[in-house]
Structures are given as C-alpha cells and as structure tokens.
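If you want the building blocks of each chain, they are given just below.
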Amino acid sequence: MQPARRTAATLAALAIAGGTLGAYVPSPALPPLTWSNESPGRVVRHGAEDAVRLASGAFGTSGKLRAVVTDPNRPLELPLEWADVNTSPLDVAYRWEPFAGTSMRSLLGEGQLMHGLRAPAQAGIWRLRLRAPGWSEDLNDLAVITRVPFSEKRNGYLNGYRIGTYSTESSGRFDRYAPPAGFIEVTPENQDLQVSEHFRLRNFLTKDQFSVWPKYLALDLKLIDKLELVIQELNAMGIRAEHIAVMSGFRTPAYNDQGVGEGGRAQLSRHTYGDASDVWIDNDRDGYMDDLNGDGRRDTEDARVILRAVDRIERRHPELTGGAGIYRDNGAHGPFIHIDVRGNPARW
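What counts and how
- Residues numbered from 1 in each chain as written.
- Predicted model: local features only at pLDDT ≥ 70, side-chain atom pairs only at ≥ 80, totals over all residues.
- Heavy atoms only, no water.
- Helix = DSSP H or I, 4+ residues; strand = E, 2+ residues; numbered from the N terminus.
- Core = buried A, V, L, I, M, F, W, Y, C linked by side-chain atoms within 4.5 Å.
- Buried < 20%, exposed > 50% of the residue type's maximum accessible area, 1.4 Å probe, protein only.
- Contact = heavy atoms within 4.5 Å.
- Pairing = 2+ DSSP bridges.
- Polar contact = N/O pair within 3.5 Å; in protein donor to acceptor, adjacent residues only side chain to side chain.
- Axes fitted to C-alpha atoms, helices over the stretch in contact; angles between N-to-C directions.
- Expected span 1.5 Å × (residues − 1).
- Salt bridge = Lys/Arg side-chain N within 4 Å of Asp/Glu carboxyl O.

A. Seen up close, unusual backbone geometry. Here the residue pair Trp213 and Pro214 is connected by a cis peptide bond, since its omega of -5° sits within 30 degrees of zero. Residue placement: Pro214 occurs in the loop between strand E14 (182–186) and strand E15 (215–217). Despite not being glycine, Asn155 shows a phi value in the positive range, around 50°. Relative to the elements of secondary structure, Asn155 occurs in the loop between strand E11 (148–149) and strand E12 (157–158).

B. Representation of the nonpolar core in the model. With 59 residues, the main nonpolar core has Leu201 and Ile306 as its most contacted residues. Discounting chain neighbours no more than four positions away, the residues touching Ile306 are Val230, Leu234, Trp280, Ile281, Met289, Leu292, Ile337 and Ile339. Phe59, Leu78, Trp82 and Leu113 belong to the second largest nonpolar core, which has 23 residues in total.

C. View of the sheet that holds strand E3 (residues 67–70). Ordered by their spatial adjacency, five strands build an open sheet running E3-E10-E9-E6-E7, and the pairing between neighbours is mixed. Whereas interior strands pair on both sides, the edge strands pair on one side only; in this sheet they are E3 and strand E7 (111–112). Taken together, the eight bridges between strand E9 (residues 124–132) and strand E10 (residues 135–146) define a ladder with antiparallel strand orientation. What sits directly across from Arg129, in E10, is Asp138.

D. Looking closely at the environment of His338. Structurally, His338 can be placed in strand E19 (residues 336–340). Residue class for His338 comes out buried when judged on its relative accessible area of 6%. In sequence terms His338 and Gly323 are 15 residues apart; their C-alpha atoms lie 7.4 Å from each other. When near neighbours in sequence (up to four residues on either side) are disregarded, His338 contacts His271, Ala276, Ser277, Asp278, Gly323, Ala324, Gly325, Tyr327 and Trp348. Among the polar contacts listed, one links the side chain of His338 to the side chain of His271, at a separation of 3.3 Å.

E. Focus on the sheet that holds strand E18 (residues 323–327). Read across the open sheet, the five strands follow the order E16-E17-E19-E18-E20; overall the sheet is mixed. Because the sheet does not close on itself, it has two edges, and the strands there are strand E16 (244–248) and strand E20 (346–347). Inspection of the sheet shows E18 paired to E19 by four bridges, in the antiparallel sense. In the sheet register, Gly325 faces E19, and the bridge partner there is His338. In the packing of helix H2 (residues 221–236) onto the sheet, contacts are made with E16, strand E17 (276–281) and E19, and the angle to E19 comes to roughly 130°. Where helix H4 (residues 300–316) meets the sheet, its contacts fall on E17, E18, E19 and E20, and the angle it forms with E18 comes to roughly 170°.

F. The arrangement of H4 in detail. Relative to the 24 Å expected for 17 residues at 1.5 Å per residue, H4 spans 25 Å between its end C-alpha atoms, a close match to the ideal helical length. Looking at H4, one finds that the buried residues are Asp302, Ala303, Val305, Ile306, Leu307, Ala309, Val310, Ile313 and Glu314. For H4, the capping residue at the N-terminal end is Asp299, with a side-chain oxygen 3.0 Å from the backbone nitrogen of Glu301.

G. Fine view of the side chain of Asp275. Take Asp275: it is sitting in the loop between helix H3 (253–256) and E17. Note on Asp275: relative accessible area 2%, which makes it buried. A distance of 2.8 Å separates the side chain of Asp275 from the side chain of Arg176, its partner in a polar contact. Not counting residues up to four positions away in its chain, the partners in contact with Asp275 are Arg176, Asp220, Leu223, Arg270, Ile339, Asp340, Val341 and Arg342.

H. The arrangement of the pattern of salt bridges in detail. Applying the stated criterion to the full structure yields 25 salt bridges. The closest approach of N and O atoms between Asp138 and Arg129, which form a salt bridge, is 2.7 Å. The shortest N-O distance in the salt bridge between Arg298 and Asp286 comes to 2.7 Å. Taken as a pair, Arg298 in the loop between E17 and H4 and Asp286 in the loop between E17 and H4 lie far apart in primary sequence, twelve residues in all. By sharing partners, the salt bridges in this structure join Arg95, Glu97, Arg129 and Asp138 into a single network.

I. Inspection of H2 at higher detail. Here H2 is 16 residues long and its end C-alpha atoms lie 23 Å apart, about the 22 Å a rise of 1.5 Å per residue gives. The element H2 is extensively covered by neighbouring structure, given that twelve of its 16 residues are classed as buried. Along H2, the positions that sit buried rather than exposed are Leu221, Leu223, Ile224, Asp225, Lys226, Leu227, Glu228, Leu229, Val230, Ile231, Glu233 and Leu234. Contact partners of the buried residues in H2: E3, E16, E17, H4 and E19.

As structure tokens, this is what we get:
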C-alpha cells in the first residue's frame, strides 16, 4: 500500500471505531492503528486481498482476549483496520449474527459501518458480519457478549437464578462498589465459550445452583487480560505455566454472604463484582498448586512466585492494578493466590 493510501485507510478505520466519519478528530481512547507483522490482529481475506481486520487493541494488553462484554444497544468501539482493497468503508453494512446458542428474538436489520457500531439490542453472544457489494465476511476471532441488565433482577433472582442483594443497591453509588451494570447469561450451549486463549465462561461461575440454567455471571475482562499476562510473565521468568486453575471467580452476593464474618469473606468482596479470582498454577491438572520454585514442596512459597509476576505486570500496566493475597492450604484446598483488578494496589 502506498503511504498516502495507507494513511487514509488508517484514518477511516479510526473514524469507524469511534463512531464518526467525516472531519477526522483524533480519539484519545484509540491509539494510531498501523499494520504490523508483530500485531496479533486477525486479517479477513477476500481471495488474494486483505480487507478488514480487528486491530490488536481488540484482543487486550495480552493479545489473548477472545471476547468483548457490553450492554445491549450501546455504541461499541471495536477497532477495525482497513486494508488495500477496492471497497470504501462508506459502502460497508454490518449485522450481528447470533451463535453459541443465542436465539434471535427479533429480526435485526443491518447498520451502516460509517455511522459506527451499535451492540445488538438483546442479550446474547454474537459475531460481527460485514457486507459490501461483492463480498461478505464474519469476524470470527472475537465474540461480542451483551449482558442482561441488572434492572431485570427481581427479589434477588434473575430468571430463576438466585443472585441475592448487593448492599450498595440503594446507595446511589457510581464507583467500583456500585452493583454491576448487568450479567452474562450462561447456558449449557455457551458455557464453554472462550473469553480468552486459556479461559472459558464456565471457569468463573459461582459454585452453587448446579442444576439451575441459565446461570448469570458478572465478569470484568480486565481480570482475564491480567490472568493471561500472568501466564506470559511466568513463562518469561523461566517458570512453566500452561494452565491456571480457577478455584473461585464470580460469587453471587447470596453465595458470598454464606462465608461473611470474622476471618471469612468480605461483604463487599471483589468476587461479587466479577473482577477477582482465586487461582493457582496447575500444569499437571491434579487439583493442587505446582512446585514453581523447585524446592520440592508445594506451598505458599509457590504462590509468592505468582505474586512476583503480578507485581511486574502492575508496574508495566498500571491500568490493571489491583489486589493480591496469598492463602495457605487448609485441608479442603491447596495454597492459592487471590488476584483482582480493583483499580488500587492492595497486598495481604
């Protein structure tokens, strides 16, 4: 691509991602988008030509995210890069295709990409389809998950699934302790959806109500991004990390309240907001922390190895700052580390 043409394509992509097209105004939320052989962006091909790809930013800091979580009918900044192809972004329409068991309850029309993306109007899991004269393509490398609004919860239940009550529901709070905006609906058909390379929706479900479907999940993908970076960082430190076991991810307030008390769970636990997890490295999948420091034992010292990786990640990526705490084995489980993305540093 010639430099002038490359620049025009990049500006068009930025305008589309930001929801405007016309006089280009740089968006502070989006970095300059460029083609790079090292980028984890995925390319959609039309014969011998490249057309559109998701920019690397769509896959998180780790490059390993495979989903975006949003609310129904909201503007969606999904960064797209335009390649050297004889199609103008002005000519492209888009539509959302349901998958992973999502049933379309109403006929969804097509939107024009030039006006920016808007998330589907109903909760579910979707793929983005682009269409222009002569071609159509699905962007299959990223699922768009639209949540069920929090307002649909009634008397502590959402569609028969017990969630309980957040202590801040009537407080008018808008900080990180305000109730989540919504919940991901998890069904037998979509529970194995990969939200990243190493994690699926089912890994973060509350450990109760096993026979109740659908289930509901609060999940902050910044947490998933951070866990993927932990895997990368440990391997960069020379410590094999292929599988992270998640002992506890999202906990409904109803489930969390069962352990609230002296020495137990915090009432405003980050787990109830979907941005915390209790994990350990379990490459051999025997249900117990691996010997990460090579001392022949599997104990809290191995959790401290993970903590060192977390500290390094937070220094490089302060937007992922959060809490981390080490817990010893207690007969019911082995040692583990709590990791969250609460936004301020905390250690215990």
